[in-house]
Amino acid sequence: MAFLKRKERTKERFSLLLLDLEEYYFEQHTAYHVTTCSEKERKVRGSFKVCSRSVIFDPEDVSEPILKIPLRDCKKIEFVERESNPFNDPRPSVISISCVQAIYIKESNVIAPYRNERGAKKVTFQLEDWSKTEDVVQTFLQLHRASCLEKLGDQTAMIAAILQSRLARSSFDKNCFQSMAEKPHMECAVEMVLPLVSNPGHVCITDGSLYFQPLNGYPEQVIQIRLNRVRRIYKRRHTLRPLGLEVFCSEGDFCSDIYLKFYKTADRDEIYYYIATFLENHVTEHTAESYMLQWQRGHLSNYQYLLHLNNLADRSCNDLSQYPVFPWVLADYSSPQLDLTNEATFRDLSKPVGALNKERLDRLLSRYRGMPEPRFMFGSHYSSPGYVLFYLVRVAPEHMLCLQNGRYDHPDRMFNSIGDTWKNCLDGATDFKELIPEFYGNDCSFLENKRNLGLGRRQNGSLVGDVVVPPWASDTSDFLQKHKTALESQYVSEHLHEWIDLVFGFKQRGSEALAAHNVFHPLTYEGGVDCDSIEDPDQRIAMLTQILEFGQTPKQLFTTPHPQRITPRFHNMTRSPSSNSPVSDLSPASRSEDSSFEDLTEESRKLSWANIGNLKPISSHKIHKEAVSGIAVTRDGAAIFSTSQDSTLKMFSKELKDFQRSMSFSNMALSSCLMLADGKTVVCSSWDNNVYFYSIPYGRRQDTLMGHDDAVSEMCWFDERLYTASWDSTVKVWQCPSDSLSNHKRSQFEILAELEHEAGVNTIGLNPAGTLLVSGCKDGAVSLWDTSSYTSLQQVHCHTGTIHHTAFSPDSRHVLSVGADSCMKVTDVQTGMVISSVKAEEEQRCFCWDGNSVLCGGASGDLLLWDLLSNTVTKRIPAHSGAVTAMWMSKLCSTVITGGEDRQIVFWKLQS
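Quick notes on the rules
Residues numbered from 1 in each chain as written. Predicted model: local features only at pLDDT ≥ 70, side-chain atom pairs only at ≥ 80, totals over all residues. Heavy atoms only, no water. Helix = DSSP H or I, 4+ residues; strand = E, 2+ residues; numbered from the N terminus. Buried < 20%, exposed > 50% of the residue type's maximum accessible area, 1.4 Å probe, protein only. Contact = heavy atoms within 4.5 Å. Domains from an automatic or database assignment. Polar contact = N/O pair within 3.5 Å; in protein donor to acceptor, adjacent residues only side chain to side chain. Nonpolar A, V, L, I, M, F, W, Y, C, P; charged D, E, K, R; others polar. Salt bridge = Lys/Arg side-chain N within 4 Å of Asp/Glu carboxyl O. Axes fitted to C-alpha atoms, helices over the stretch in contact; angles between N-to-C directions. Parallel < 35°, antiparallel > 145°, perpendicular 65-115°, else oblique. Phe/Tyr/Trp six-rings, centres within 6.5 Å; stacked < 30°, edge-to-face > 60°. 1 Å grid on protein atoms, 1.4 Å probe; cavity = no way out; pocket = protein on both sides within 12 Å on 5 of 7 lines; lining within 4 Å. Points joined across faces, edges and corners; volume = space filled by probe spheres on them. Pairing = 2+ DSSP bridges. Expected span 1.5 Å × (residues − 1). Disulfide = S-S within 2.5 Å.

**Things to note about the environment of Phe172**
Stage number 1. Of note, Phe172 is situated in the loop between helix 2 (152-168) and strand 8 (184-194).
Stage number 2. Exposure remark for Phe172: the relative accessible area of 3% places this residue in the buried category.
Stage number 3. Considering only alpha carbons, one finds Phe172 and Asp538, 366 residues apart in sequence, at a separation of 34 Å.
Stage number 4. Ignoring sequence-local partners within four residues, the contact set of Phe172 consists of Phe177, Glu187, His202, Cys204, Tyr211, Phe212, Gln213 and Val222.

As structure tokens, then:
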């Protein structure tokens, strides 16, 4: 239906849909249809259309039918010269056509099935410009020879040669430029693609506009798109070849402004890159991964996300064989009330439609096992031109008539009832269709017979009228509203990723598709057949026609499991992290009763991150002799501790604004520090392979843990457990009773686990609940671990160099890592999939983040605020004269402390 919203460019009742499929409209002439009745001549004025497979006459008088004569049904086409006898009245030359079939369309100007009149017939046309008559006849004789060739492949080849000859003899008329100052970049022959039809012509791109000029001047002489209005461009597969280009001038609509098919991929690519270069500074190019991240975070609705995925997977409303596909989400079409809190109301999104009915699936699997190769489970597809027009016949009747040779489908097989259609998709032997975007839109006209179309009478005697909606909907508008609500519901949001796996993802092909009972005919998959390798033109055209009519599986966008959407359900975790944790201890689940304080804290954090660009330096202090490596703060914020590669731990008094203590445990660099929950102990890691415990009340070293064979790089503390990472390629987990530390007794450190890695571990982090650990190694690998079983969950080689820092998002769904390759990577915890990758201009050494925005410390010494949804730097804040090497953020995200290679620590405050 979206393709019907295109701006009306003509008031003609002629349409390219009156042509046969794969037919071209070449030219038109003003002419008269001449008939003789009782020796009285009658002339009807109209437009005489020269088409590649037919003659079409469109009368000016709309009460007269449009006449179409297929060239294959013509027995004789001749040029009858005018009367040259000087004693008689001059008679103009005419075109005389003898045929065995004539087709009458839009009789009484009503859209209805075509009337075919068979039998010998002679039709005469007189051109208003007599001088062109002989040329037009010669053109028809040539096209007639093509239509009468025995083999379809030969017919197609000859018509294509005629078309290319016409295109070669013409060029883009540069008088159509909006401005004479425009500079053309290139022009070439193309076809403008519309649903079921295409229109040949020339495209020309200038420094300011994209122009398309149809060969036939229909629907207008030239179509112009200003480049500064373009918002998105996509390369498309058209007829299984990389020849398409689709241009959008809006973000929200899924119907493009123009879809072009090129004859050469190189021409398509040149115009694509020219427009892309023009847009580079104006439009952000999105990938499936960037859209996924926005959807997971709730920045895109389920509807918007599915539209974007369809677009990226080559689905277009201009190509009915690749029309956007949407899922059935409900299974209840009979209850008087729709209960969206009941899981039984919803369709199982983890299964394709063909696997929803177990009895039917068993029959299909039995047939599949006995089938010779290539085997498939489902003999029809979930999306095809016929299915799209099945749903849209009430608003696109001419498209249905075009697809079905001038006929509607049988009334009982039409889209009469939503409930009956769902039931047939569950029980029918060959019906596995999904839905289209219109079912979740705002326009209910496709469900209503507003045009009073004569769609036929059913066996029960009733006329085909409006679509019957379920009992829980009062009318079609109410149905759409509730259906949209169902798509955005909690249940669908939590399970939509399962359907995406089937249609766009890793369960689309291979062993996973087999296990999910999601195997369609091999011809429906991208790359399933190379039509160009088929030498016999008849076989090639038949194969191509079969594929386009049968439907095509979308381009595969994901090869690993799609992560689940983050849904707004939280509860307060009982376990508490160390006191200097910058993230909240909220995790997905149901809310606890006492969550008002957490709500307030969460709102404060959101507010802080929304204004994080307003960070202002309060003071800076040079208290070390080498680069700062770690920062820890007491619970009351009165004392700040920092470690450095100068081997010292320093204590800075916030009140006195000066450092008070300096401690050295060895002559080797200290790599990190953290504050224990008791607020009385600072733990420091060292390059001398040891971990040191410093007592704040006693002002001395309290304990030493000699636990590794190489430098200890970083530590985490949670629930009396210490996690230590080392360049000896291990992370070790230690039981450290907090009471013995608080009582300043020598501790008995019990090792609980040793997590082996393939390279030195440079950084580790815990999620807020302490249930997951992430480690980043010198070989660029990120590893995820379960802290209850100490088992490896994921290992992702996502960087090409050492990982400097890694941390979980507050909701534990994602991990962000930065490395020596200057890349920032977001990895999905559930699937191990890298869903966002950003190449920065400089190395990022440390960061804090909220899941969407990242405050990074760069090698240049600046603080960079990154927006991960757009992959752009939104603010650059000068901070240090050397790389930023350490960063701490308060729990409410309103205070930041940074340390750098310039040996300084800088205090930052968020300015309101």
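Still to come is the rest of the account.
**Examining the domain arrangement of the protein**
Stage number 1. Assigned domains within the protein: domain 1 (16-167), domain 2 (170-285), domain 3 (305-550) and domain 4 (624-849 + 881-888).
Stage number 2. The straight-line distance from the C-alpha centre of domain 1 to that of domain 3 is 39 Å.
Stage number 3. Counting from both sides, the interface comprises 14 residues of domain 1 and, opposite them, 14 residues of domain 3.
Stage number 4. The interface formed by domain 1 and domain 3 holds two residue pairs in polar contact (both at pLDDT 80 or more) in total.
Stage number 5. Within the side of domain 1 that touches domain 3, the residues separate by chemical class into nine nonpolar, two polar and three charged.

**Describing the pattern of salt bridges**
Stage number 1. Summed over all chains, the structure comprises 34 salt bridges.
Stage number 2. Put simply, Glu246 and Arg236 hold a salt bridge, and the shortest N to O gap is 2.8 Å. Taken as a pair, Glu246 in strand 13 (residues 241-248) and Arg236 in strand 12 (residues 232-238) lie far apart in primary sequence, 10 residues in all.
Stage number 3. You can call Glu246 buried: its relative accessible area is 0%.
Stage number 4. One salt bridge in this structure joins Arg876 and Asp862, with 3.0 Å as the shortest N-O distance. With Arg876 in strand 41 (residues 872-878) and Asp862 in strand 40 (residues 862-867), this residue pair connects regions lying 14 residues apart in the sequence.

**Notes on the packing of helix 1 (residues 133-147) against helix 2**
Stage number 1. Running from N to C, helix 1 and helix 2 point in directions that differ by 150°, and their axes come no closer than 8 Å. Taken together, the axes of helix 1 and helix 2 lie roughly antiparallel to each other. Here Thr139, Gln142, Leu143, Arg145, Ala146 and Ser147 of helix 1 come into contact with helix 2, specifically with Gln155, Met158, Ile159, Ile162 and Arg166.
Stage number 2. Its residues assigned to classes, the contact of helix 1 with helix 2 comprises five nonpolar, four polar and two charged.

**Things to note about the packing of aromatic side chains**
Stage number 1. Within the structure shown, the criterion is met by 35 aromatic pairs.
Stage number 2. Centre to centre, the rings of Phe14 and Tyr25 are 5.1 Å apart; their planes meet at 65°, and the pair counts as edge-to-face. Highlighted residues: Phe14 in the segment before strand 1 (25-37) and Tyr25 in strand 1, separated in sequence by 11 residues.
Stage number 3. Using a relative accessible area of 1% as the deciding quantity, one classes Phe14 as buried.
Stage number 4. According to the relative accessible area criterion, Tyr25 is buried, its value standing at 2%.

**Considering empty space enclosed by the protein**
Stage number 1. Enumeration according to the criterion identifies two cavities of 30 Å³ or more in this entry.
Stage number 2. Lining the largest cavity, in full, are Pro352, Val353, Gly354, Tyr382, Phe432, Glu434, Leu502, Val503, Asn518 and Phe520.
Stage number 3. The residue inventory of the lining of the largest cavity, partitioned by class, reads seven nonpolar, two polar and one charged.
Stage number 4. Empty space within the second largest cavity amounts to approximately 40 Å³.
Stage number 5. The wall of the second largest cavity is formed by Tyr323, Pro324, Val325, Tyr382, Ser383, Ser384, Tyr387, Val388, Tyr391, Glu434, Leu435 and Ile436.
Stage number 6. Split by residue class, the lining of the second largest cavity holds nine nonpolar, two polar and one charged.

**Considerations on the sheet that holds strand 40**
Strand pairing in a sheet takes place through backbone hydrogen bonds and is either antiparallel or parallel in direction.
Stage number 1. Ordered by their spatial adjacency, four strands build an open sheet running 38-39-40-41, and the pairing between neighbours is antiparallel. Strands at the two margins of the open sheet, each flanked by one partner only, are strand 38 (844-849) and strand 41. For this sheet the average axis-to-axis angle between neighbouring strands, irrespective of direction, equals 25°.
Stage number 2. As paired elements, strand 40 and strand 41 share six bridges and run antiparallel to each other. Opposite Leu865, over in strand 41, you have Lys875 as the bridge partner.

**Details of the sheet that holds strand 44 (residues 904-910)**
Stage number 1. Ordered in space as 17-44-43-42, the four strands form an open sheet in which the pairing is antiparallel. Each end of this open sheet is capped by a strand with a single partner; those strands are strand 17 (615-622) and strand 42 (884-889). Mean inter-strand twist for the sheet, computed between neighbouring axes without regard to direction, equals 20°.

**Concerning the pairing of strand 40**
Stage number 1. Of all six residues in strand 40, five are buried, a share of seventy percent or more.
Stage number 2. Sheet topology places strand 39 (residues 853-858) next to strand 40; five bridges connect them, and they run antiparallel. From the neighbouring strand, Gly857 faces strand 40, where its bridge partner is Leu863.
Stage number 3. Where strand 39 folds back onto strand 40 in an antiparallel hairpin, the turn is made up of three residues, including Gly861, whose phi is positive at roughly 100°.
Stage number 4. Adjacent in sequence and paired antiparallel, strand 40 and strand 41 are bridged by four residues, among which Asn871 carries a positive phi angle near 55°.

**Quick word on helix 2**
Two residues of an α-helix separated by three or four positions point the same way, owing to the 3.6 residues in each turn.
Stage number 1. Spanning 17 residues, helix 2 covers 24 Å between terminal C-alpha atoms, matching the ideal 24 Å at 1.5 Å per step.
Stage number 2. Considered for burial, the residues of helix 2 that qualify are Gly153, Gln155, Ile159, Ile162, Leu163, Arg166 and Leu167.
Stage number 3. Considering only its buried residues, helix 2 is in contact with strand 1, helix 1, strand 8, strand 9 (197-206) and helix 13 (537-550).

**Focus: unusual backbone geometry**
Stage number 1. That bond from Tyr218 to Pro219 is cis: its omega, 0°, falls within 30 degrees of zero.
Stage number 2. Along the polypeptide, Pro219 turns up in the loop between strand 10 (209-214) and strand 11 (223-226).
Stage number 3. Cis rather than trans, the peptide bond between Glu373 and Pro374 has omega equal to -5°.
Stage number 4. With respect to the helices and strands, Pro374 occurs in the loop between helix 6 (358-369) and helix 7 (385-392).
Stage number 5. The phi dihedral of Ser108 is positive, around 60°, even though this residue is not glycine.
Stage number 6. With respect to the helices and strands, the residue Ser108 is situated in the loop between strand 6 (94-105) and strand 7 (115-127).
Stage number 7. Since its relative accessible area comes to 56%, Ser108 is described here as exposed.
Stage number 8. Despite not being glycine, Cys893 has its phi angle at roughly 65°, a positive value.
Stage number 9. Mapped onto the elements of the fold, Cys893 is located in the loop between strand 42 and strand 43 (895-900).
Stage number 10. Judged by relative accessible area, Cys893 falls into the buried class, the value being 2%.

**Re the pairing of strand 6**
Stage number 1. By the criterion of burial, strand 6 is predominantly enclosed, with 10 of the 12 residues buried.
Stage number 2. Bridge count for strand 5 (residues 74-80) against strand 6 is six bridges, and the pairing is antiparallel. Across the sheet, the residue bridging to Phe79 is Ile95, located in strand 6.
Stage number 3. As paired elements, strand 6 and strand 7 share nine bridges and run antiparallel to each other. Following the sheet pairing, Cys99 is matched in strand 7 by Lys121.

**Let's talk about the environment of Glu720**
Stage number 1. Tracing the sequence through the fold places Glu720 in the loop between strand 26 (712-718) and strand 27 (721-726).
Stage number 2. For Glu720, a relative accessible area of 32% corresponds to the partly exposed category.
Stage number 3. In the structure, Glu720 is positioned 17 residues away from Pro737 in sequence and 5.6 Å away in space, judged by C-alpha atoms.

**A short note on the state of the cysteines**
Stage number 1. Counted according to the given criterion, the structure contains zero disulfides.
Stage number 2. We note that Cys684 lacks a disulfide partner, and the nearest cysteine sulfur, in Cys673, lies 5.7 Å from it.
Stage number 3. Residue Cys684 is classed as buried on the basis of its relative accessible area, which comes to 0%.
Stage number 4. Cys736 forms no disulfide, and the closest cysteine sulfur to it belongs to Cys716, at a distance of 13 Å.

**Brief notes about the packing of helix 2 against helix 13**
A pair of packed helices is characterised by two quantities: the angle between their axes and the separation of those axes.
Stage number 1. Where helix 2 meets helix 13, the axes come as close as 7 Å, and the angle between the chain directions of the two elements is 85°. On the basis of the axis angle, helix 2 is roughly perpendicular to helix 13. On helix 13, the residues that touch Leu152, Gly153, Asp154 and Thr156 of helix 2 are Pro537, Asp538 and Ile541.
Stage number 2. Residue classes in the contact of helix 2 with helix 13 are distributed as three nonpolar, two polar and two charged.

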